[in-house]
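Below are the chains, spelled out letter by letter.
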Amino acid sequence: MISREPTIERLATARALLLEPFGLDERHLAQALAEIRAHRVDDADLYFQYTRSEGWSLEEGIVKTGSFSIDQGVGVRAVSGEKTAFAYSDDISLASLLDAARTVRTIGSTGAARRVKLPAAKVARSRALYPDLDPIASLGSTDKVQLLERAERAARAKDPRVVQVMAGLASEYDVVLVARADGTLAADVRPLVRLSITVIAEHKGRREIGSAGGGGRFGLAYFSDEQVARYVDEAVDAALMNLESRPAPAGEMTVVLGPGWPGVLLHEAVGHGLEGDFNRKGSSAFTGRIGERVAARGVTVLDDGTIADRRGSLNVDDEGYPTQKNVLIEDGILKGYMQDALNARLMGTARTGNGRRESYAHLPMPRMTNTYMLAGDKDPGEIVASIKKGLYATNFGGGQVDITSGKFVFSASQAWWVENGKPIYPVKGATLVGSGPDALKRVRMIGNDLELDSGVGTCGKEGQSVPVGVGMPTVRIDALTVGGTA
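Presented here is a report on the structure given in the accompanying data block. (Residues numbered from 1 in each chain as written. Predicted model: local features only at pLDDT ≥ 70, side-chain atom pairs only at ≥ 80, totals over all residues. Heavy atoms only, no water.)

### Overview of the overall build of the protein chain
Of regular secondary structure, the protein chain possesses 10 helices and 25 strands. The C-alpha atoms of the protein chain give a radius of gyration of 24 Å, which matches the 23 Å a tight globule of 486 residues would have. Viewed in the frame of its principal axes, the protein chain has a C-alpha envelope of about 75 × 55 × 35 Å. Restricting to contacts in the protein chain with at least 6 residues of sequence separation, those with at least 24 account for 76%. (Helix = DSSP H or I, 4+ residues; strand = E, 2+ residues; numbered from the N terminus. Rg over C-alpha atoms; globule rule 2.2 N^0.38 Å. Contact = heavy atoms within 4.5 Å.)

See the structure below:
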């Protein structure tokens, strides 16, 4: 449900942190926007942000590092045509606000002096997807340290081959306030937590690594003993599996991707190519292909910023618009792109709530939120059993994509060699190589087991990092190129 009530509550929090301590109120924001609009610009906004972050890390049985930081500031933007002028400052004051406004307005034409009628202030519609809490304060410092120590002890107790354990706990309390040239005011209070566990196992002189973890937009109470035990099991099992791994075969073969985090391949191979800026500039493999078949039948891909508590979700995007559930590909047909305000205006399409920025010191651009493929009707066991000879990849490390060609390269961190429908042995060093649009057309079976990742994703684009989510069901892709070491 979208309403203005949640925003009104969050506006009170944002005012208390970002305006009142500096002697500012909405009249001053309107004054700064009026300064910008004294020149002819197409759009303008102010983006205030207060971020408090904390991190703890454990290694060799002791907490070796702890960090705490507070950052705050304001970004001021003016847009004219395709051009953008941007200024930011960590000094939140009327003087710096007006100075930034006068600087960025120079992008617009001046002409004769203009009197600007201020639009009536209006509160943005918003969602209520996660609690308005400070996760740093949701658990005491001693309890945070003990949480990491319990994870370390559990991992070592699980198997004698575990020789090293590293664990990290991160919390962030982020408050943003957006004032737009049309008079819109929006605010959000964004908690974010993440727990990560990495283990190293050793046997007969061979060392292998395994990692697990998760998080989302909630408090630290989420990391119960049961949840921590699940992460420990996953990390230790991955490391022990890799101890048994053999070099991966190479060549063109059937590849089955497991559910959940392997959706990162979808994120890279397809998601970035469906962001509006690449398509407006004609640099994406999907440019101008709305309404065309770009994937096999049954392939439906969504970007959804409205899933409760998810790492990639937002009540409003970083331009103050409510996030949406956007269908990008439906039954193999390309339906739309992800848009921020600038690219939507220039392409003559609607905004999709995908305007995102790393901080007040960065410009917004179209970015993914939670990107995933919908489930099909096949049993996952049936899909694996259908492999005559091929790879079953259940987890991935890093990857990259060339937006223009759609070509991607991905390394599998956990995978099995399968013959006649049965996993024979784990493999190491498998790399998936292909083209996103081509790979989607080679999808032959889609499982009924859609999973979202555990809450660990971070996406980089043009030097900016933002939290995201990915997901997919078990999927069979035919004739995908695998680079191996065998």
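### Here's the deal with the packing of aromatic side chains
Counted by the stated rule, this structure contains 7 aromatic pairs. Each member of the aromatic cluster is reached from another via a ring pair, and the members are Phe218, Tyr222, Phe223 and Tyr231. One Lys or Arg, arginine 217, reaches over the ring of tyrosine 130 and ends 5.6 Å from the middle of that ring. Taking the ring centre of tyrosine 47 as reference, the NZ or CZ of arginine 357 above it sits at 4.0 Å. (Phe/Tyr/Trp six-rings, centres within 6.5 Å; stacked < 30°, edge-to-face > 60°. Lys NZ or Arg CZ within 6 Å of the ring centre and 35° of its normal.)

### Let's talk about the pattern of salt bridges
Inspection of every chain in the model, using the stated rule, returns 33 salt bridges. A salt bridge links glutamate 319 to arginine 77; the shortest N-O distance between them is 2.9 Å. Note that glutamate 319 is positioned in the loop between strand E10 (301–304) and strand E11 (325–330) and arginine 77 in strand E2 (residues 62–80), a separation of 242 residues in sequence. For glutamate 319, a relative accessible area of 0% corresponds to the buried category. The partner of arginine 442 in a salt bridge is aspartate 438, and the shortest N-O contact between them spans 2.7 Å. Assessed through its relative accessible area of 34%, aspartate 438 is described here as partly exposed. Residues joined in a network through salt bridges with shared partners are Asp43, Asp45, Arg77, Arg180, Glu319 and Arg357. (Salt bridge = Lys/Arg side-chain N within 4 Å of Asp/Glu carboxyl O. Buried < 20%, exposed > 50% of the residue type's maximum accessible area, 1.4 Å probe, protein only.)

### Section: the sheet that holds strand E15 (residues 370–373)
Hydrogen bonds along the backbone pair up the strands of a sheet, which may run parallel or antiparallel. Reading across the sheet, the 6 strands line up as E12-E11-E10-E15-E24-E21 and stay open at both edges, with mixed pairing between neighbours. Each edge of the open sheet carries a strand with a single partner, namely strand E12 (333–334) and strand E21 (451–452). Where helix H6 (residues 264–271) meets the sheet, its contacts fall on E10, E11, E15 and strand E24 (469–472), and the angle it forms with E24 comes to roughly 105°. (Pairing = 2+ DSSP bridges. Axes fitted to C-alpha atoms, helices over the stretch in contact; angles between N-to-C directions.)

### Quick look at the packing of helix H4 (residues 141–158) against helix H5 (residues 225–243)
Between two packed helices, what matters for the description is the angle formed by their axes and the separation of those axes. Remark: H4 packs on H5, axes separated minimally by 9 Å, with the N-to-C direction vectors making an angle of 45°. In terms of their interaxial angle, H4 and H5 are classed as oblique. H4 and H5 meet at a crossing whose hand is right-handed. Between H4, through Leu147, Arg150, Ala151, Ala154, Ala155 and Lys158, and H5, the contact on the second element is made entirely by Asp225, Val228, Val232, Asp233, Val236 and Asp237. Considering only residue class, the contact of H4 with H5 consists of 7 nonpolar, no polar and 5 charged. (Parallel < 35°, antiparallel > 145°, perpendicular 65-115°, else oblique. Left-handed = near helix turned anticlockwise from the far one by under 90°. Nonpolar A, V, L, I, M, F, W, Y, C, P; charged D, E, K, R; others polar.)

### What about empty space enclosed by the protein?
Once rolled over the atoms, a probe with the size of a water molecule shows which space is left empty. Counted by the stated rule, this structure contains 2 cavities of 30 Å³ or more. By volume, the largest cavity is sized at about 80 Å³. Residue lining of the largest cavity: 13 residues in total, with Leu265, Leu266, Met373, Leu440 and Ile477 positioned closest to the centre. Residue contributions to the lining of the largest cavity peak at 4 residues, all from H6. Split into classes, the residues belonging to the lining of the largest cavity amount to 12 nonpolar, 1 polar and no charged. Considered as a void within the structure, the second largest cavity measures approximately 40 Å³ in volume. Lining the second largest cavity we find Glu268, Ala269, Gly273, Ser284, Ala285, Phe286, Val401, Asp402, Ile403 and Gly406. In terms of residue class, the lining of the second largest cavity is made up of 5 nonpolar, 3 polar and 2 charged. (1 Å grid on protein atoms, 1.4 Å probe; cavity = no way out; pocket = protein on both sides within 12 Å on 5 of 7 lines; lining within 4 Å. Points joined across faces, edges and corners; volume = space filled by probe spheres on them.)

### Some details on the packing of helix H2 (residues 26–37) against helix H3 (residues 94–104)
Look at H2 against H3: their axes get within 8 Å of each other, and the N-to-C directions meet at 20°. Overall, the two elements H2 and H3 adopt an arrangement that is roughly parallel. Taken as a pair, H2 and H3 cross one another with a handedness that is right-handed. Residues His28, Leu29, Gln31, Ala32, Glu35 and Ile36 of H2 form the contact with H3, whose participating residues are Leu94, Leu97, Leu98, Ala101, Arg102 and Val104. Broken down by class, the residue content of the contact of H2 with H3 amounts to 8 nonpolar, 2 polar and 2 charged.

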